[in-house]
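Structure assessment
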Amino acid sequence: MNGAAVLTLGLDIVTTAAILFTVATGLLIIFGVMKIVNFAHGAFITLGAYAGLVASELGLSPWLGLPLAFLAGAACGALVERCVVRPLYGRPLDAILATWGLGIIIGELLTLVFGREVQFVGSPLSGTVDVLGEAYSVYRLFLVVAALIVGGGFAWLLGATRLGLATRAVIMNEDLARGLGINAGWVRFITFSLGSGLAGLAGALITPLSSVDPNMGVPWLLNAFMLVMVSGASLGALLAASVLLGGAQVVISSLASPILGGLTIVVLAALLLRVRPKGFAR
Amino acid sequence: MSGAILSVEGLSSGYGAATVVREVSLQVAPGEVLVLLGKNGMGKSTLLRTIMGYLRPHAGRICVGATDVTGEPVHRRAAHGVSYAPQERALFQDLSVRDNLRLGLSKDRDFEQALGRVRRAFPFLAERLAQPAGTLSGGEQKMLLVARALMTAPRLVLVDEVTEGLQPSVVDRLATVLRRAAAEERRAILLVEQHVHFALSVADRYAVLKLGTIVATGSTRDPDAQAVIESQLRV
Ligand SMILES: Nc1ncnc2c1ncn2[C@@H]1O[C@H](COP(=O)(O)OP(=O)(O)OP(=O)(O)O)[C@@H](O)[C@H]1O
Ligand SMILES: [Mg+2]
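These lines cover the structure that appears in this document, whether it is placed above or below. (Residues numbered from 1 in each chain as written. Chains lettered and ligands numbered in written order. Predicted model: local features only at pLDDT ≥ 70, side-chain atom pairs only at ≥ 80, totals over all residues. Heavy atoms only, no water.)

**Concerning the overall build of chain A**
Looking only at helices and strands, chain A features 11 helices and two strands. Mapped in sequence order, the helices and strands of chain A form the string α-α-α-α-β-β-α-α-α-α-α-α-α. The C-alpha radius of gyration of chain A comes to 19 Å, within 12% of the 19 Å expected for a compact globule of 282 residues. The dimensions of chain A, computed from C-alpha atoms along their principal axes, are 60 × 45 × 35 Å. (Helix = DSSP H or I, 4+ residues; strand = E, 2+ residues; numbered from the N terminus. Rg over C-alpha atoms; globule rule 2.2 N^0.38 Å.)

**Some points on helix 9 (residues 217–231) of chain A**
Residues and elements named next belong to chain A. The end-to-end C-alpha separation of helix 9 is 21 Å, in line with the 21 Å expected for 15 residues at 1.5 Å each. Check the buried side of helix 9 and you find it contacts helix 1 (3–34), helix 2 (41–57), helix 4 (92–114), helix 10 (235–255) and helix 11 (258–275). Immediately beyond the C-terminal end of helix 9, within one or two residues, lies glycine 232, with a positive phi of roughly 60°. (Expected span 1.5 Å × (residues − 1). Contact = heavy atoms within 4.5 Å.)

**Notes on the environment of A:Ala43**
All names here are of chain A. Its location among the elements puts alanine 43 in helix 2. Of the residues examined, alanine 43 reaches a relative accessible area of 9% and is grouped as buried. Look past the residues within four positions of alanine 43 in its chain and what remains in contact with it is Gly103, Ile106 and Leu110. (Buried < 20%, exposed > 50% of the residue type's maximum accessible area, 1.4 Å probe, protein only.)

**Describing the interface of chain A and chain B**
With 17 residues of chain A in contact, the opposing surface of chain B contributes 21 residues. Among the residues chain A hides against chain B, the three largest losses belong to A:Arg162, A:Leu176 and A:Leu180. Together they make up 36% of the total. Put simply, chain A and chain B have two salt bridges between them. The partner of B:Asp99 in a salt bridge is A:Arg168, with the nearest N and O atoms 3.9 Å apart. Where chain A meets chain B, there are seven residue pairs in polar contact (both at pLDDT 80 or more). Secondary structure elements with two or more residues in the side of chain A that touches chain B: helix 6 (162–172) and helix 7 (174–179) of chain A. (Buried area = accessible area lost by both parts, 1.4 Å probe. Salt bridge = Lys/Arg side-chain N within 4 Å of Asp/Glu carboxyl O. Polar contact = N/O pair within 3.5 Å; in protein donor to acceptor, adjacent residues only side chain to side chain.)

**Points about unusual backbone geometry**
Outside of glycine, negative phi angles account for most residues, and trans bonds account for most peptide bonds. Residues and elements named next belong to chain B. Even without being glycine, glutamate 23 reaches a positive phi, approximately 45°. Checked against the element boundaries, glutamate 23 lands in strand 2 (residues 18–28). Relative accessible area serves as the criterion here: at 64%, glutamate 23 is assigned to the exposed category. In this model, arginine 89 sits at a positive phi of 45°, which is unusual for a non-glycine residue. By the secondary structure assignment, arginine 89 is in the loop between strand 6 (82–85) and helix 3 (97–102).

**Points about the sheet that holds strand 4 (residues 59–64) of chain B**
Hydrogen bonding along the main chain pairs the strands of a sheet, whether they run parallel or antiparallel. Residue and element names in this part refer to chain B. Spatially, 2-1-4-5 is the arrangement adopted by the four strands of the open sheet, whose pairing is antiparallel. One side of each edge strand has no neighbouring strand; the edge strands of this open sheet are strand 2 and strand 5 (67–68). Across five bridges, strand 1 (residues 6–15) lies against strand 4 in antiparallel orientation. If you follow glutamate 9 over to strand 4, its bridge partner there is arginine 61. Contacts between helix 1 (residues 44–52) and the sheet are confined to strand 1, strand 2 and strand 4, with strand 1 contributing the most and set at about 115° to the helix. (Pairing = 2+ DSSP bridges. Axes fitted to C-alpha atoms, helices over the stretch in contact; angles between N-to-C directions.)

**Side note on the site of ligand 1**
Residue and element names in this part refer to chain B. Neighbouring ligand 1 are 14 residues, the closest being Gly41, Lys44, Ser45, Thr46 and Glu161. In the environment of ligand 1, an oxygen atom lies 2.5 Å from a nitrogen or oxygen atom belonging to the side chain of threonine 46. Between glutamine 194 and ligand 1, the recorded distance is 3.0 Å, taken from a side-chain N or O atom to an oxygen atom. Considered on its own, ligand 1 offers 640 Å² of accessible surface; in the complex 59% of this is hidden by protein. Top contributing element to the shell around ligand 1 by residue count: helix 1, with four residues. Here the residues of the shell around ligand 1 sort into three nonpolar, seven polar and four charged. (Near = heavy atom within 4 Å. Areas by Shrake-Rupley, 256 points an atom, 1.4 Å probe, with all protein chains shown as cover. Nonpolar A, V, L, I, M, F, W, Y, C, P; charged D, E, K, R; others polar.)

**Re the nonpolar core**
One finds A:Phe44, A:Ile182, A:Phe192, A:Leu205, A:Leu227, B:Phe92 and B:Leu103 to be the most contacted residues of the largest nonpolar core, which totals 79 residues. In terms of residue count, the dominant contributor to this core is helix 1 of chain A (12 residues). B:Leu37, B:Leu166, B:Leu178 and B:Ala181 belong to the second-largest nonpolar core, a separate cluster that totals 52 residues. (Core = buried A, V, L, I, M, F, W, Y, C linked by side-chain atoms within 4.5 Å.)

**Some remarks on the coordination of the magnesium ion (ligand 2)**
Residue and element names in this part refer to chain B. Only Ser45 (OG) and Gln87 (OE1) from the protein coordinate the magnesium ion (ligand 2), and they sit 1.9 to 2.1 Å from it. Separated by 42 residues along the polypeptide, serine 45 in helix 1 and glutamine 87 in the loop between strand 6 and helix 3 bring together distant segments of the chain. For serine 45, a relative accessible area of 13% corresponds to the buried category. (Donors = N, O, S within 2.8 Å, 3.2 Å for Na, K, Ca; no water.)

**Side note on the pairing of strand 10 (residues 213–219) of chain B**
The side chains of a regular strand alternate between both faces of the sheet. All names here are of chain B. With six bridges connecting them, strand 9 (residues 205–210) and strand 10 associate as antiparallel partners. Counted as the bridge partner of valine 208 is alanine 216 from strand 10. The hairpin formed by strand 9 and strand 10 contains two residues between the paired strands, and leucine 211 there has a positive phi angle of roughly 45°.

**Examining the pattern of salt bridges**
In total, this model carries 18 salt bridges over all chains according to the counting rule given. For the salt bridge of B:Arg61 with B:Asp68, the shortest nitrogen-to-oxygen distance reads 3.2 Å. According to the relative accessible area criterion, B:Arg61 is partly exposed, its value standing at 37%. Between B:Asp99 and B:Arg102 there is a salt bridge; the shortest N-O distance is 3.0 Å. One end of the pair, B:Asp99, and the other, B:Arg102, are both in helix 3, three residues apart, so they sit about a helical turn from each other. Neither B:Asp99 nor B:Arg102 differs from the other in exposure class; each is buried. Through salt bridges with shared partners, a single network forms among A:Arg162, A:Arg168, B:Asp99, B:Arg102 and B:Asp108.

All quantities given are derived from atomic positions and should not be read as evidence of function.
Right, here's the structure in full:
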């Protein structure tokens, strides 16, 4: 392998980690606060991708697709929290089944509206930029910035705001938090809406790299799920997991085959949990 | 009693079908400390948890001031001015002293002023705001717990066995602070205790709970208060 290939590989690892982190953060925050896995996360990703598609077909600026995708995910998440998730709170297995089923329903509705065929969305940033003498996709580099904004935004929200303090209190000891006047139901509603909005945003962010179809969210959901399982409720652990497992995925895809690469995260995460049930958390 | 901050009438509650607290009635007025005594497992914590809203009563009514809060969720009761220092898992161990205190308030805006009151009650806490609560000693944690319960300037304070296993100097400190909160700041305090001396030194009235029922009540200034309580706790 020559220097240029190593550089490209390194950039691929960083950008892949950024994408995985962005896709998984919404799932992580919902899992941390509500102790449930939102298996509709994949459908919200798909929803966000179609929101981006609609924005581009309406001739809007491709940048506008991003907030629209966030809003579509958040609105749908808010509705789902009220109608489906809230009554199942404290029954995590039922919540898994319900959100899984809901994911299928959302997928079918999207098929009904947009059809089964694969569609493409243009990238808001096209072309390449010179990185240490190598041409590299500007859009992939932009995704690193997006991940930093998402991760930094969440860290700020959790660490520096009153809502974040209340959220951490609910994560640590919900009964105690309620006794101090925190409306845990409201915190869960906000969390679920934000997490779903982030899934939508992630969907719109990844579409220029691949394509849009009603099932596009499923592989992303699997990878995000495994990353969250090895990260517990920690954003820092999620970052580490995204870099290490995402890195392994890139290496295996380029050295062996992309098909094996696609399985890397799921397999490695399962092995890791076998050896270390807490994964990267602490 | 009109003017009471807490009035509980005919309250029964428990876990599932099992009744633990049976037809308890009591009142606490502003500026008054009522101590609830009783041996282990008699239902003292269950009564406080029901007053706070963690348990749905099987029967009875709970009023805070003029408001019937019987059907209200826990966080709404806090908003009515009730603060609760539970017996177990009462602090966020991984959060700093400052964040634990902040969580006693509903808005950060009031923090500096409330911190002034904390500084007066427990000066050491104001020096150690950045320290994780879990690294404080047992006695320091209990003081933090009481400080947090007093942050909001609550109308009613529920305190569950705060002196359990503490050294005498800390017990004295807590007695002074709670006394002052009642006498000077006119808070109503319902204290659960097994420590009879502490109870008599802080409270105005006592009630003894046995198998979930109040079996004796009186003023702590009655000459025979200690004898009555001790005989009730023995049998
Ligand atoms: N979560 C629970 N589920 C079922 N039963 C419980 C629960 N908590 C307490 N009990 C039972 O209720 C009864 C009263 O318990 P409670 O904790 O109110 O007693 P207590 O007077 O506070 O005792 P202590 O002085 O030991 O704190 C006991 O018989 C106890 O076993
Ligand atoms: Mg108890």
